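So you can see what is in the structure, the chains are spelled out below.
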Amino acid sequence: MNEGIILLVEDNPDDVDLTLRAMRKNKILNEVVVTRDGTEALDYLFARGTYAGRNVNDLPAVVLLDLRRPKIDGLEVLQELRADPRTKLCPTVILTSSREEQDLIRGYSLGANSYIRKPVDFDQFTEAVRQIGLYWLLLNESLPRKKIG
Amino acid sequence: MRTPGPSICNLSKRLERPTSRFPPESIRGTLILLLLVVLVPVLLTQVWIYNDWLETRRATELQANLELARAVADGFGAYMEGVLRQELAIGIALTASPPPPANTVNRLLAESVQQYPALRNLGWVDLRGRVIASSAPEMVSVEIGDRPYFQEIISGQGWAVSDLLLARVEGDPVFTISRGVRDQNGSLLGVVVATIDPKYFGKTFDVERAGQGSISIFDRQGRRVYRYPEAELSWEQRDPTYTLPVVSRALAGEEVNDILPWTPAGDRRIMAITPIPDIGWAASAGRAEAEAMAPVLQDILPQSVLSLLVTALAFTVAIVISRRIIGPVHRLREHAYAIGRGDFAGSVKVAGPAELEQLADAFNRMGEEIHRQQKVLRESEERYRTLVESVDDCIYVKDAQGHYLLVNSAMARRIGRPAQEIIGRTTLDIYPPEVARVTMEMDSFVFDKGETIRVEREEDTPYGHAVFDARKVPLTNDAGEVIGLVAVSRDITERKQMEDTLRSARDELEARVRERTAELARANQELKGEVAQRQETEQALRQASAYNRSLIEASLDPLVTINAEGKITDVNLAGEKVTGRSRGEIIGADFSDYFVEPEVARAGYQQVFRDGSVQDYALEIRHRDGHTTPVLYNASLYRDEAGEVIGVFAAARDISAQKRAEAEIRKLNDDLERRVVERTAELAAANKELEAFSYSVSHDLRAPLRGIDGFSQALLEDYSDRLDEQGKDHLRRVRTATLRMAKLIDDLLTLSRLTRSEMHRELVDLTVLAQAIATELQKPQPEREATFIIAQGVRVYADAQLMRAVLENLLGNAWKFTSQHPRATIEFGISKRDGERAYYVRDDGAGFDMAYADKLFVPFQRLHAANEFAGTGVGLATVQRVVRRHGGQVWAEGAVGKGATFFFTLGPA
């Protein structure tokens, strides 16, 4: 696996734990940054607030985005992410409970790279996480990181 | 002269050829029979003589054989006595006092052996059974104390002959003749034992006497001791079971002399068995019967062949001789046949026995006489025939069996066939059945009664329909019996026609008189009718006028007539009412005065003159009191009889009630529209709310479930060592329940989405859809033996998404409910239901009870236990929603264990 950071945008602590557990089970050892809501996620991505001082160009290998987050909704996060030239190419996977068609359409039209529905069955969930890891961290050829300065 | 043929005189039977019979009635047959009578006893006698020869020979052979057997028995007895005597002599010599020296003993024994062929050795045995001295040195010291014959002598017997036994030293079959040697006091001193080798008996007895036969000697056990012709016999082949059962009879003392079956092939053997006295043995002699009888048969054979040859020769000679008689007889017979056929040419010449030659002469004379008489007869017949042929009447003669014997040319013409073809046939052969029946009835009358009959009959002849005056006369023989009939009939067609013509001419005249009279009567009647009619018409006219007036008055519509000047000429009661004025006031007034808009009324009036009529012309009539009545006018021109326009006839319809109703409807419509708008807004709001709700459900209800499942799994994985099996089971159940709930939520959402989503009807190919779903279903379970029968080219105008949901559910159900059957057939097709196309999915799976048919489509209702067939119970509810949204219906038919069929319609597109 490459060394990229995984940004997990998820407010449900249960889902956070389960996602991390699923990663551990699949030997995904990359660093995982967990942000609890959309604002925090954007803060991390744009190195603001708590994350001031972080190198903005050090993009995560993949952003796992849950929709319907408090404060700023997941789709809004995506919208802002894609609007900013620094982050617009950041691989973003929508990982959500929703199966509503409108969410799918909006997610893709806002530029999501993937849309994955979280299965209730933990075994299937683990499998989904494994495949996300396999694809985005291993198979997918990411953009070369920009040099600082 | 005519050729000889059947004639009236020839009613008698023809000469028939005899058929062969038994006992033979032909001359040749009789001769052969005679010969047989002579020869058969001779042959039988010969057979009896030969048989006697055979019997005698057989008896002789039996006797000779018996004697041979006796001779063998005697010979054996003599041999045995000789040996015993020698043994006695040896015994005396050995027990002499003083005892002789050993070499003397041995020499004595050896010399004695030489005297008897077949004697192998002689031994001197002490009382303990040990051989002290022997002609054969190797026998010395051999112990024989256990042998039965030795025991017998020890126990006091003078001598003993053993049964066949195996020699102690040589090991081959021998027997012994032994003798006890005693002193004067009777005390036993020793035993002399002679060992006999039966192989060499041939030298002892006169076995050559047996010739080609055989002889045998059997011991007490029935074991074969010796056999001639000599052959090496093993111990087993000597066994008593190999000997014939009759041997045991001889051993018991009976003499047997008989012919016995020998081989399974049927060969027989002459056998004599005779007991050998004193020792209980038996001797037999035998030879093959065939061999013994061969000389006699050799004598008999040539003699019998000779007899048969003589017999055959006798037959041949007899047949040759018989020809001399039969030949002339045959010629006489053929000549008689020829005369019978009427062939008198030539006479018969016979050379043979004198009686036959005389017979032939007599025959020739008879033939000539017959010939002459026939000639006379034929001439007489010919005269009759010419007579019969010359008349125009139809004449024929039939015999008692109905065969035509004579038909004259008039009759032949009437039948339409030449006389030769008719003669010899019957009525049935000639006429069609219905005509024949009439003829035959007449014939039988004549035959039965013996009387003449005369009738007039009609018939279709080749020259047209004809009427005959027919007469039939019986023909009788000398005894007064009817043997036929003569029929004479005359064609009376022309006479009949003449009569008919006259009759019809008279009839016609009468008819014309009757017609003319009737015409006159009719004319008179018509005249009267016309007068009466005129009176009736006048009356009717008067009535019609009154009737029309009352019709007009009775009308509820105001009616008015207006003249060319626009003045009212007539008005009815309704017209008076609507204006509030009397008839008198109205008539003569200008019509437009009574309308709210007089100019519009006048325009309508002019339109009538222009177009001939107006329809539904709207006007308002003003009442005297001021109120108005809306009316629709229908008016047309009316003309006098000459076609001149007199004026306008106008009828008004009061439409105030209609106007009121219209106003009311308009008001109601407005109200309804407003309410629809309101309700639509309400529904839209509710829908919005529902959408938000289901979105929330989709999102927020699933998250906790995932938590429950995930952490249960985590517990199972991380704490399995601290959980007992029951705890783990509970956790697994938590997981199962969680997943089921998740499935329920998904199904519910699908159901609600199907209800909410917008419908886009388009052309959907259900065949392609069903095939795709079937493939998907089969993919995870390729091992199932399921057949999908999918109707081709099923296209509907419906929402593709929703149709997929319907087929997925129905086919998925069919797949699911057939899973417990080893073989399944699932069918998708179309049928007609009340003239509407009904699509169906049919399976032969678990089926359901029709009593619950209406529960099938209720959400979460399940007819099968969850452990039997998985599912949430939403599928069919979904199907129903979709079908209803399409304006169709869904229903199911089935029975428990008999499969189910789900039908749906899709309503008008």
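Residues numbered from 1 in each chain as written. Chains lettered and ligands numbered in written order. Predicted model: local features only at pLDDT ≥ 70, side-chain atom pairs only at ≥ 80, totals over all residues. Heavy atoms only, no water.

**Comments concerning the packing of helix α16 (residues 656–718) of chain B against helix α17 (residues 725–756) of chain B**
Residue and element names in this part refer to chain B. Orientation of α16 relative to α17, taken along the N-to-C sense of each, is 165°, at an axis distance of 9 Å. Of the possible angle classes, the one that applies to α16 and α17 is roughly antiparallel. Like other packed secondary-structure pairs, α16 and α17 cross with a definite hand, here left-handed. In terms of residue class, the contact of α16 with α17 is made up of 14 nonpolar, 7 polar and 8 charged. (Axes fitted to C-alpha atoms, helices over the stretch in contact; angles between N-to-C directions. Helix = DSSP H or I, 4+ residues; strand = E, 2+ residues; numbered from the N terminus. Parallel < 35°, antiparallel > 145°, perpendicular 65-115°, else oblique. Left-handed = near helix turned anticlockwise from the far one by under 90°. Nonpolar A, V, L, I, M, F, W, Y, C, P; charged D, E, K, R; others polar.)

**Structural notes on the domain arrangement of chain B**
Each assigned domain of chain B is listed here: domain 1 (391–498), domain 2 (509–541), domain 3 (555–650), domain 4 (655–756) and domain 5 (759–904). The C-alpha-based centres of domain 1 of chain B and domain 2 of chain B are spaced at 60 Å. (Domains from an automatic or database assignment.)

**Description of the interface of chain A and chain B**
Counting from both sides, the interface comprises 25 residues of chain A and, opposite them, 26 residues of chain B. Summed over both sides, the interface of chain A with chain B buries roughly 2,200 Å², with 45% coming from carbon and sulfur. Of all residues in chain A, A:Arg68, A:Glu100 and A:Val120 bury the most surface against chain B, accounting for 30% of the area lost on that side. Joining chain A to chain B, the criterion identifies 7 salt bridges. The shortest N-O distance in the salt bridge between A:Asp121 and B:Arg735 comes to 3.0 Å. Remark: the boundary between chain A and chain B carries 12 residue pairs in polar contact (both at pLDDT 80 or more). With 6 residues, helix α1 (residues 13–25) of chain A is the largest single contributor of residues to the side of chain A that touches chain B. Split by residue class, the side of chain A that touches chain B holds 6 nonpolar, 5 polar and 14 charged. (Contact = heavy atoms within 4.5 Å. Buried area = accessible area lost by both parts, 1.4 Å probe. Salt bridge = Lys/Arg side-chain N within 4 Å of Asp/Glu carboxyl O. Polar contact = N/O pair within 3.5 Å; in protein donor to acceptor, adjacent residues only side chain to side chain.)

**Quick word on the pairing of strand β2 (residues 32–35) of chain A**
Looking along a regular strand, one sees the side chains alternate between the two faces of the sheet. Summarising the sheet, strand β1 (residues 6–9) of chain A and β2(A) pair through 4 bridges and their orientation is parallel. Note on β2(A): the bridge partner recorded for A:Leu8 is A:Val34. (Pairing = 2+ DSSP bridges.)

**Notes on the packing of helix α18 (residues 766–778) of chain B against helix α19 (residues 800–817) of chain B**
The packing of two helices is summarised by the inter-axis angle and the distance between the axes. Residue and element names in this part refer to chain B. Direction vectors running N to C along α18 and α19 enclose 45°, while the axes themselves pass 10 Å from each other. Judged by the angle between their axes, α18 and α19 are oblique. In terms of crossing hand, the pair formed by α18 and α19 is right-handed. Contacts between α18 and α19 involve Leu766, Leu769, Ala770, Ala772, Ile773, Glu776, Leu777 and Gln778 from the former and Ala800, Met803, Arg804, Leu807, Glu808, Leu811, Gly812 and Trp815 from the latter. Considering only residue class, the contact of α18 with α19 consists of 11 nonpolar, 2 polar and 3 charged.

**Some points on a nonpolar patch on the surface**
On the surface, a nonpolar cluster with roughly 420 Å² of combined accessible area is contributed by B:Leu33, B:Leu36, B:Val37, B:Val40 and B:Leu44. Tracing the backbone through its elements, the reader meets B:Leu36 in helix α1 (residues 27–94). (Patch = residues over 30% accessible without salt bridge, like charges linked within 9 Å, V, L, I, M, F, W, Y side chains within 5 Å. Areas by Shrake-Rupley, 256 points an atom, 1.4 Å probe, with all protein chains shown as cover.)

**Let's talk about the pairing of strand β5 (residues 173–182) of chain B**
All names here are of chain B. With 8 of 10 residues buried, β5 is to be regarded as a mostly interior element. Pairing analysis gives 3 bridges linking strand β3 (residues 159–161) to β5, with the strands arranged antiparallel. Within β5, the position partnered with Val161 by the bridge is Ile177. Pairing between strand β4 (residues 165–166) and β5: 2 bridges, direction antiparallel. Paired with Leu166 across the two strands is Pro173, which belongs to β5. Taken together, β4 and the strand that follows it, β5, pair antiparallel across an intervening segment of 6 residues, in which Gly171 is found at a positive phi of about 80°. The turn linking β5 back onto strand β6 (residues 188–196) is made up of 5 residues, and Gly186 within it adopts a positive phi angle of 90°. (Buried < 20%, exposed > 50% of the residue type's maximum accessible area, 1.4 Å probe, protein only.)

**A short note on the side chain of B:Arg702**
Mapped onto the elements, B:Arg702 comes out in helix α16. At a separation of 2.9 Å, a polar atom in the side chain of B:Arg702 contacts the main-chain carbonyl oxygen of A:Lys118. Residues contacting B:Arg702, with those up to four places away along its chain left out, are A:Ser97, A:Arg117, A:Lys118, A:Pro119, A:Val120, B:Val697 and B:Asp746.

**Describing the side chain of B:Asn408**
Residue and element names in this part refer to chain B. Inspection of the secondary structure puts Asn408 in the loop between β13 (404–407) and α8 (409–415). Within the local environment of Asn408, its side chain forms a polar contact with the backbone oxygen of Asp393, the two atoms lying 2.9 Å apart. Each residue touching Asn408, except ones within four places of it in the same chain, is listed here: Val388, Glu389, Val391, Asp393, Cys394 and Ile395.

**Some remarks on the packing of aromatic side chains**
All names here are of chain B. Applying the stated criterion to the full structure yields 24 aromatic pairs over all chains. Between Phe591 and Tyr605 the ring centres are 4.8 Å apart and the planes differ by 40°, which places this aromatic pair in the tilted class. Placement of the pair is Phe591 in the loop between α14 (583–586) and α15 (598–611) and Tyr605 in helix α15, with a sequence separation of 14 residues. Take Phe591 and Tyr605: they sit in the same class, and that class is buried. Each ring, one from Phe857 and one from Phe902, has its centre 6.2 Å from the other, and the planes form 85°; the classification is edge-to-face. With Phe857 in the loop between β26 (836–843) and α20 (875–885) and Phe902 in strand β28 (residues 900–904), this pair connects stretches of sequence that are 45 residues apart. Phe857 gets classed as buried once you look at its relative accessible area, which sits at 7%. Through pairs of rings, three or more aromatic residues link up here, namely Phe76, Tyr79, Tyr116, Phe175, Phe201, Tyr226 and Trp281. (Phe/Tyr/Trp six-rings, centres within 6.5 Å; stacked < 30°, edge-to-face > 60°.)

**A closer look at α19(B)**
Counted at 1.5 Å a residue, the expected span for α19(B) with its 18 residues is 26 Å, and the 25 Å between its end C-alpha atoms agrees. A distance of 2.9 Å separates the backbone nitrogen of B:Gln801 from a side-chain oxygen at the start of α19(B), and that oxygen is part of B:Asp799. (Expected span 1.5 Å × (residues − 1).)

**Observations regarding the sheet that holds strand β21 (residues 645–654) of chain B**
Residue and element names in this part refer to chain B. Strand order in this open sheet of 5 strands is β18-β17-β21-β20-β19, and the pairing throughout is antiparallel. In this open sheet, the two edge strands, each paired with only one partner strand, are β18 (568–571) and β19 (613–622). Shown here is a sheet whose adjacent strand axes are inclined to one another by a mean of 30°, direction ignored. Sheet analysis places strand β17 (residues 559–563) next to β18, joined by 3 bridges and oriented antiparallel. Each residue of the ladder has a partner; that of Thr561, found in β18, is Asp570. Most of the contacts of α15 go to β19, to which it runs at about 160°, and overall it touches β17, β19, β20 (628–639) and β21.

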